[in-house]
Amino acid sequence: FHTKLSPRPSLPRTLSTPELTPLEVGTPVAFFAQNKTFYGRVRSVHEGVYSVDVAGGGIKVGLNSVTPCSEEKLEKVVLSKKALVWHLDA
C-alpha cells in the first residue's frame, strides 16, 4: 500500500505580522519575571518597552512583554498585598 503525499507548501522567508498597538499608560497588566506572575499598571512605554508600577510597591523597567488584565484582578492583588494593622486598645 503506497500513498502519494502532496508537496508541502513552502513558507515565506519572512513572516509579516501586524504592528501591535502599545498599551496606554495606566492600563492594568500582568507580566512574568523571576518565575512568578506580577501585576501592576503601565507607567510608561517607549518603543515597545514597558515600565510598570508593580502592585505592592516598586517599578519594573525594561519589560518587552506585558499582558492586559482586568481592573478586578489588579484590585484583588493590591488588596492581598496590603499589610494588616492590629491595634490593641488598653
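Above this text you will find the structure in question.
Because the structure is a prediction, the values reported are computed rather than measured.

Colleague: It is not clear to me how the pattern of salt bridges should be interpreted in this structure. Could you clarify?
Modeller: Side chains bearing opposite charge may pair, as long as their charged atoms lie close to each other. Per the stated rule, a full pass over the model turns up 2 salt bridges. Taking the shortest distance from any N to any O, the salt bridge between Arg43 and Asp53 comes out at 2.6 Å. Highlighted residues: Arg43 in strand E2 (residues 36–46) and Asp53 in strand E3 (residues 49–54), separated in sequence by 10 residues. With a relative accessible area of 29%, Asp53 lands in the partly exposed category.

Colleague: Please explain the side chain of Ser51 as it appears in this structure.
Modeller: Here Ser51 is to be found in strand E3. The buried category is assigned to Ser51, whose relative accessible area is 13%. Setting aside residues up to four positions removed in sequence, Ser51 forms contacts with Arg41, Val42, Arg43, Ser44, Lys60 and Val61.

Colleague: Is there a simple way to explain the sheet that holds E2 in this structure?
Modeller: By definition, the strands of a sheet pair up through backbone hydrogen bonds, in either a parallel or an antiparallel sense. If you trace the 5 strands from one edge of the open sheet to the other, you get E4-E3-E2-E1-E5, paired in antiparallel fashion. Here the strands that pair on one side only, and so sit at the sheet edges, are strand E4 (59–63) and strand E5 (67–68). The pairing of E2 with E3 spans 6 bridges and is classified as antiparallel. The residue bridging Val42 from the neighbouring strand is Val52, located in E3. Sheet strands touched by helix H1 (residues 71–81): strand E1 (28–33) and E2. Its angle to E2, the strand with the most contacts, is close to 115°.

Rules behind the numbers
- Residues numbered from 1 in each chain as written.
- Predicted model: local features only at pLDDT ≥ 70, side-chain atom pairs only at ≥ 80, totals over all residues.
- Heavy atoms only, no water.
- Salt bridge = Lys/Arg side-chain N within 4 Å of Asp/Glu carboxyl O.
- Helix = DSSP H or I, 4+ residues; strand = E, 2+ residues; numbered from the N terminus.
- Buried < 20%, exposed > 50% of the residue type's maximum accessible area, 1.4 Å probe, protein only.
- Contact = heavy atoms within 4.5 Å.
- Pairing = 2+ DSSP bridges.
- Axes fitted to C-alpha atoms, helices over the stretch in contact; angles between N-to-C directions.

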